[in-house]
Amino acid sequence: MSEKRAELRKKAMSLPLLPGVYIMKNAENEIIYIGKAKALKNRVSQYFGSQNGHTVKVRKMVENVDEFDYIVTDSEFEALVLECSLIKQHMPKYNILLKDDKGYSYIRIAGDRYKTITAVLQKNDDDAEYIGPYTSSYAVKQSVDAANKIFMLPQCGKVFDGTKTKARPCLNYYIGQCCGVCTGKVPQYEYSEAVSQAIRFLKGDTKAILQQLEEEMLAAAEKTDFERAAKLRDRIRSIKRMQDKQKVVFKSVEEQDVFSLAESENTVCLAVLRFADGRLFDSEHFFFEKNDTPEAMLSQAIPTYYSMRNNIPKRVTVDGEIEDADDIARWLSEKKGKKVVLFCPKRGEQLEVVHMCRENAQEKLALKVGLSGKTVAVLEELRDLLGLSKTPSYIESYDISHTAGQDSVAGMVVFKDGKPFKQAYKRFTIKTFEGNDDYRSMAEVLTRRFNEYNAQKETGEGFGKLPDLILLDGGVGQVNAVQPVLEAFRLQIPLFGMVKDNRHRTRAIAQNGGEIEIRSNRRVFTLISEIQEEVHRFSVTYHRSKHAKRNLTMSLTEIDGVGNTTAKALLKQFKTISAVKAASVSALCAAEGVGQKTAEKIYAYYHKEDENK
């Protein structure tokens, strides 16, 4: 522990066991982090003790702390209110900060004879017509997309003058989502009428548009203009389908916001879905660095989000339990001036809404960090299945391999973000004993691994990085053998075994209290099976190469004057027995520790048949 950290820990240990807010500062006296605590002494002292349980971001923050202040409050709720106020005022570097890029959106109608309708984020000083502003860019984009499809207006961004072109129409024309104005076959009056109706639709005049279209359809049918009548009929059907779709998204969802998180190794995506009158009217997402458990990060993110918003709904729905839920609900209620319920659904339609929000977060995160949405989802499912505090983005797995206790080795494989991370794979030779004891072998390997962690942890890479989860190839016995190792190093890393059936296939996850069935969850089962097969392959491959080398060494020791050390030197020099056989006496002498007499004996041993000819 550094001298500065020891000094700060001593100061933290003198703090009162009272609720309050603590303020971390760097050497330039800048505020870099603000937090709240139920008991200031307990919370602040954790920062300056062991760093094993902290994330990389927290360790980095602690390295930059030069001083801290604190403010005692009368209650945990007052600490929450003060924390929100101070964070909004100072915007500290290491707090969860949600960038408020929420601007106004407009509907833009541009063009001369053939106008186009688009959704834009700002109003420019041009000749276009603008409708707005609207607070929800999501709603504007959805509405414009719907209007363009219903009224078959172009969405390709081209400028049209009504003349024929040799270019072929785009795909939208062939699937019935564009009238094909680029062909030059659409009359200007007919196109202008469609644009006019689309604008009225966007302004909410749907009932009058339907009435007008039905009258025009009947008139066209009376004139036997059945092609036009059919087009109008299809347009009426599209509007009615859109109305039905928008009428009720979820029957039990009234006015509420829904929050969910998705995590990768270092990045978190917060997704927010906003509902009113049973309809989804807005969607937002924010990215920030992972710095705590999902429960803690959500409890930090929700007050920050509403610090930027005045319109608070009567219900805030969250994906899972969060810290300080009662205090946050009270804070939201006081800010709104009416009661706000903080709700974590367990079943029914409300749970479906949460799942939809979670899937949005997973997909946005996948795009951000270059993963697939399925990978993010399966790691979160594994987290929930095993009851972990955070998503296991970095998983280490171990397996022991030997032949009747001989040439005992271990393999360590790493899965990063659900994929093999081969540059972090490691191999171990069991050194402290000989014989068949997988439990002692596993304990030895993990002890050596964490000794290396203590030596390299400042690097944060390789052995200097702690895993989010450890999976051992084996059952409860292996888990019980390794758990004391973790306790000896004071590490709180989730530890489980991977149990195989009598056909050597993955069956369950082992823990201290028994087993967790995983076959019912197909995606988790597939991931665990892949990890188990990979660590088994890696350890067995190493064992076979070591065992083969041992056999080669034993064949060389049959020669008079050649011991294990000399045999190993020969194999190191020549790689194969065939190369040793083909070597001359002078070439054999080039091997470390092989003298003239020994070289002659080796040469004579492999050339007896030549001498007898």
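See the structure above.
Residues numbered from 1 in each chain as written. Predicted model: local features only at pLDDT ≥ 70, side-chain atom pairs only at ≥ 80, totals over all residues. Heavy atoms only, no water.

**Student:** Account for the packing of helix α14 (residues 438-456) against helix α15 (residues 476-488), with residues named and values stated.
**Tutor:** How two helices pack is summed up by the angle between their axes together with the distance between the axes. Between α14 and α15, the shortest axis-to-axis distance is 9 Å and the interhelical angle comes to 30°. Regarding the angle of α14 to α15, the classification is roughly parallel. When you trace α14 past α15, the crossing you get is right-handed. Across the interface between the two elements, Asp438, Tyr439, Met442, Ala443, Leu446, Thr447 and Phe450 from α14 touch Gly477, Gln478, Ala481, Val482, Val485 and Leu486 from α15. Here the contact of α14 with α15 is built from residues that sort into 9 nonpolar, 3 polar and 1 charged. (Axes fitted to C-alpha atoms, helices over the stretch in contact; angles between N-to-C directions. Helix = DSSP H or I, 4+ residues; strand = E, 2+ residues; numbered from the N terminus. Parallel < 35°, antiparallel > 145°, perpendicular 65-115°, else oblique. Left-handed = near helix turned anticlockwise from the far one by under 90°. Contact = heavy atoms within 4.5 Å. Nonpolar A, V, L, I, M, F, W, Y, C, P; charged D, E, K, R; others polar.)

**Student:** Tell me about the packing of aromatic side chains, and name the residues and values.
**Tutor:** Ring pairs (aromatic) are described by centroid distance and by the angle formed between their planes. Taken as a whole, this structure holds 15 aromatic pairs when the rule is applied. One aromatic cluster is present, built from ring pairs that chain together Phe259, Phe286, Tyr305 and Tyr306. The residue whose ring lies beneath Lys416 is Phe421, and the NZ or CZ to ring-centre distance is 4.7 Å. When the ring centre of Phe463 is taken as origin, the NZ or CZ atom of Lys426, which lies over that ring, is 5.2 Å away. (Phe/Tyr/Trp six-rings, centres within 6.5 Å; stacked < 30°, edge-to-face > 60°. Lys NZ or Arg CZ within 6 Å of the ring centre and 35° of its normal.)

**Student:** Lay out the sheet that holds strand β11 (residues 341-343) with the relevant residues and their values.
**Tutor:** Read across the sheet, 5 strands follow the order β9-β8-β7-β10-β11 without closing on themselves; strand pairing throughout is mixed. Because the sheet does not close on itself, it has two edges, and the strands there are β9 (279-289) and β11. Going across the sheet, the axis of each strand differs from the next one's by a mean of 20°, ignoring polarity. Here strand β8 (residues 267-276) runs beside β9; their pairing, made up of 10 bridges, is antiparallel. Note that in β9 the partner of Val272 across the bridge is Glu284. (Pairing = 2+ DSSP bridges.)

**Student:** Go over the nonpolar core with me, naming the residues and quoting the values.
**Tutor:** Ranked by internal contacts, the top residues of the largest apolar core, which has 29 residues, are Tyr398, Val445, Leu446, Phe450, Ile470 and Leu472. It is α14 that contributes the most residues to this core, 6 residues altogether. Among the nonpolar cores identified, the runner-up in size contains 28 residues, and Val140, Leu153, Leu232 and Ile239 belong to it. (Core = buried A, V, L, I, M, F, W, Y, C linked by side-chain atoms within 4.5 Å. Buried < 20%, exposed > 50% of the residue type's maximum accessible area, 1.4 Å probe, protein only.)

**Student:** So what's going on with the pairing of strand β4 (residues 105-110)? Residues and values would help.
**Tutor:** Across a regular strand the side chains alternate sides, sitting on one face of the sheet and then on the other. The buried count for β4 comes to 5 of 6 residues, which makes it a mostly enclosed element. The pairing of β4 with strand β6 (residues 129-134) spans 4 bridges and is antiparallel. Residue pairing across strands places Ser105 opposite Tyr134, the latter belonging to β6. In terms of strand pairing, β4 meets strand β5 (residues 116-120) through 5 bridges, oriented antiparallel. Paired with Arg108 across the strands is Thr118, a residue of β5. The loop that links β4 with its antiparallel partner β5 comprises 5 residues; one of these, Gly111, has a positive phi angle of about 115°.

**Student:** So what about the side chain of Glu534? Which residues, and what values?
**Tutor:** Here Glu534 lies in helix α16 (residues 522-556). The residues touching Glu534, leaving out its near neighbours within four places in the chain, are Val413, Phe415, Lys422 and Tyr425.

**Student:** Pulling in residues and values, what's your account of unusual backbone geometry?
**Tutor:** With phi around 60°, Thr224 is a residue other than glycine that occupies positive phi space. Mapped onto the elements of the fold, Thr224 is located in the loop between α8 (206-222) and α9 (226-247). Judged by relative accessible area, Thr224 falls into the exposed class, the value being 53%. A positive phi angle, close to 55°, is found at Arg490, a residue other than glycine. The residue Arg490 is located in the loop between α15 and β17 (495-500) in this model.

**Student:** Quick rundown of the side chain of Ser333? Include the residues and the values.
**Tutor:** In this structure, Ser333 sits in helix α11 (residues 325-336). Ser333 gets classed as buried once you look at its relative accessible area, which sits at 15%. Apart from the residues lying within four places of it in its own chain, the contact partners of Ser333 are Lys338, Lys339 and Val340.

**Student:** Give me the pattern of salt bridges: which residues, what numbers.
**Tutor:** According to the stated counting rule, one finds 23 salt bridges in the structure shown. A salt bridge links Arg108 to Asp126; its shortest N-O distance comes to 3.0 Å. Here Arg108, found in strand β4, pairs with Asp126, found in the loop between β5 and β6; they are 18 residues apart in sequence, far enough to count as distant. Classification of Asp126 as partly exposed rests on a relative accessible area of 31%. A salt bridge links Asp257 to Arg274; the nearest nitrogen and oxygen atoms lie 3.0 Å apart. With a gap of 17 residues between them, Asp257 in strand β7 (residues 256-263) and Arg274 in strand β8 connect regions that are remote in the sequence. A network of salt bridges, in which partner residues are shared, links Glu263, Lys290, Arg383 and Asp384. (Salt bridge = Lys/Arg side-chain N within 4 Å of Asp/Glu carboxyl O.)

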